[in-house]
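Per-entry structural report
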Amino acid sequence: GHSDAENQDIFLEQAEHVLIRMNAKHWRPYLWILEARQAIAAGAYGKALELAQLALGNFDSIGGPVSLESIEALQILASVFQAVGMRKKSLGLLLQAEQLSQSLLADQHPLRGRILVGMASMNCFLGNCELSRMQATGAIQILEGTLNPEHPEVAGAWIQLGSAHSELQDYDQSLMAYHKALSRTQASASNPPSVEARIRTNLGLVLSRMGRLEESEVEGKQAVQLFSGHSGAEHPETAAAIGRYATVIQKQGDVAKAELLFEHTIKLLKKSDPLHVRILDQVRNQAT
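Residues numbered from 1 in each chain as written. Predicted model: local features only at pLDDT ≥ 70, side-chain atom pairs only at ≥ 80, totals over all residues. Heavy atoms only, no water.

1. Re the pattern of salt bridges
Overall, the coordinates contain 12 salt bridges when judged by the stated rule. E215 is the partner of R212 in a salt bridge, and the nearest nitrogen-oxygen pair spans 2.9 Å. When salt bridges with common partners are traced through the structure, they connect E72, R114 and E153 into a single cluster. (Salt bridge = Lys/Arg side-chain N within 4 Å of Asp/Glu carboxyl O.)

2. Some details on helix α13 (residues 255-272)
Here α13 is 18 residues long and its end C-alpha atoms lie 26 Å apart, about the 26 Å a rise of 1.5 Å per residue gives. Buried within α13 are the following residues: A258, L261, F262, T265, I266, L268, L269 and S272. (Helix = DSSP H or I, 4+ residues; strand = E, 2+ residues; numbered from the N terminus. Expected span 1.5 Å × (residues − 1). Buried < 20%, exposed > 50% of the residue type's maximum accessible area, 1.4 Å probe, protein only.)

3. A few points about unusual backbone geometry
Residue Q169 is not a glycine yet carries a positive backbone phi of 65 degrees. Here Q169 is to be found in the loop between α8 (152-167) and α9 (171-186).

4. Some remarks on the environment of L182
Its place among the elements puts L182 in helix α9. Judged by its relative accessible area of 8%, L182 falls in the buried class. Spatially, the C-alpha atoms of L182 and L203 are 9.9 Å apart, while their sequence positions differ by 21 residues. In this structure, L182 is in contact with E196, I199 and R200, ignoring residues within four places of it in sequence. (Contact = heavy atoms within 4.5 Å.)

5. Quick notes on the side chain of E196
Within the element layout of this structure, E196 appears in helix α10 (residues 193-209). Given a relative accessible area of 17%, E196 falls into the buried group.

6. Some words on helix α12 (residues 236-251)
Compared with an ideal rise of 1.5 Å per residue, which puts 16 residues at 22 Å, α12 spans 23 Å between its outermost C-alpha atoms and is within 8% of the ideal. Looking only at α12, the buried set comprises P236, T238, A239, A240, A241, I242, G243, Y245, A246, V248 and I249. With its phi angle positive at about 105 degrees, G253 sits one or two positions after the end of α12.

7. Looking at the packing of aromatic side chains
Given two aromatic rings, one states the distance between the centres and the angle between the planes to describe the pair. Applying the stated rule across the entire model yields 0 aromatic pairs. Here the guanidinium or amino end of R87 rests over the ring plane of F125, the centre of that ring lying 4.0 Å away. (Phe/Tyr/Trp six-rings, centres within 6.5 Å; stacked < 30°, edge-to-face > 60°. Lys NZ or Arg CZ within 6 Å of the ring centre and 35° of its normal.)

8. A short note on the nonpolar core
Counting residues in hydrophobic clusters, the biggest one holds 32 residues, and the most contacted among them are I33, I40, L77, F81 and I115. Put simply, the parts of the chain that give this core at least two residues each are α2 (28-42), α3 (45-59), α4 (68-83), α5 (87-101) and α6 (110-125). Top contributing element to this core by residue count: α4, with 9 residues. When residues no more than four places from it in sequence are discounted, the contact partners of I40 are Y45, A48, V80, A83, V84 and H235. (Core = buried A, V, L, I, M, F, W, Y, C linked by side-chain atoms within 4.5 Å.)

9. Focus on a nonpolar patch on the surface
Side chains of V66, L68 and L104 sit close together on the surface and give an oily, nonpolar patch of about 210 Å² of accessible area. The residue L104 is located in the loop between α5 and α6 in this model. (Patch = residues over 30% accessible without salt bridge, like charges linked within 9 Å, V, L, I, M, F, W, Y side chains within 5 Å. Areas by Shrake-Rupley, 256 points an atom, 1.4 Å probe, with all protein chains shown as cover.)

10. A closer look at the state of the cysteines
Evaluated as defined, the whole model comprises 0 disulfides. The thiol sulfur of C124 is not disulfide-bonded, and the nearest other cysteine sulfur, from C129, lies at 4.3 Å. Relative accessible area serves as the criterion here: at 11%, C124 is assigned to the buried category. (Disulfide = S-S within 2.5 Å.)

11. Focus on the environment of N191
Mapped onto the secondary structure, N191 falls in the loop between α9 and α10. Since its relative accessible area comes to 10%, N191 is described here as buried. Considering only alpha carbons, one finds N191 and A155, 36 residues apart in sequence, at a separation of 9.9 Å.

12. Remarks on the packing of helix α11 (residues 213-231) against α12
Two numbers describe how α11 lies on α12: the axes approach to 9 Å, and their chain directions differ by 160 degrees. One finds that α11 runs roughly antiparallel with respect to α12. Note on packing geometry: the crossing formed by α11 with α12 is left-handed. Contacts between α11 and α12 pair L213, S216, E217, G220, K221, V224, F227, S228 and S231 from the former with E237, T238, A241, I242, Y245, V248, I249 and K251 from the latter. Considering only residue class, the contact of α11 with α12 consists of 8 nonpolar, 5 polar and 4 charged. (Axes fitted to C-alpha atoms, helices over the stretch in contact; angles between N-to-C directions. Parallel < 35°, antiparallel > 145°, perpendicular 65-115°, else oblique. Left-handed = near helix turned anticlockwise from the far one by under 90°. Nonpolar A, V, L, I, M, F, W, Y, C, P; charged D, E, K, R; others polar.)

13. What about the confidence of the model for the protein?
Chain-level pLDDT for the protein is 87 on average; 88% of the residues reach the 70-or-more range. Looking across the protein, the model is least confident in helix α1 (residues 4-22), with a mean pLDDT of 59, and most confident in helix α7 (residues 129-146), with 96. (pLDDT = per-residue confidence, 0-100.)

14. Remarks on the packing of α7 against α8
Packing of α7 against α8 leaves a shortest axis separation of 8 Å and a crossing angle of 160 degrees. Between α7 and α8, the crossing angle belongs to the class labelled roughly antiparallel. The element α7 and its partner α8 pack so that their crossing is left-handed. Taken together, the residues of α8 that come into contact with α7 (itself represented by C129, S132, R133, A136, T137, A139, I140, L143 and E144) are E153, V154, A157, W158, Q160, L161, A164, H165 and E167. Taken together, the residues of the contact of α7 with α8 sort by class into 10 nonpolar, 4 polar and 4 charged.

In structure tokens form, the structure reads like this:
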């Protein structure tokens, strides 16, 4: 009768009791990492950042040989720092995870695909879009070869490839990648709505860049609805989707409505993390 989020909270609480009973302090950073990921899912970005920094500060004390668990922990940590906007920190952790994985994991291990997706995302944000495109392509090859084609991580790799193509202004290839991700997602009823929401918010962005504003508005509005229904109306991902939707509204000439939407986005983002990097983007949009 519990939701997935509630189940994860229960398991994390049980793990806390086990750690105390066993005095297994070397596992403490791993638990902080999992709690940080759960905080991101709940939209508590400030809490997530605090937990991630605690874990990172104690990660070196784990000791022992490199393991699948330690590589995966770095990858999860990187995803947390990415979510809170610390992109260079995220990329550094992913590079560390990739270096360690070379000595332990097979070339086609799915974890290596997840690491590549993360690196592609960060490099795209940091302006290395051609490298991002190559990494996303490599991730797709790994993940499609090792996971079910309908797995959310396969769709995630296609989304990242679409983003890289969009930043390189190769819009037709970008649309093709997003539609490929959408077909993968819609083929399975088990995929969470957040995956389709990510696809549609990115589709809206590239359609806007192509000047196809009416189509962009439809995708952007649907993305907001999907994020809100899955994560909640005040979740940072919902807020970011509202900001992207507002950009299309502005381009269509309804500046007053767009300004209000940007203001609402800023309030939601500040509530989750007063220093989140996305706030700067929305303040600039509102000022414009």
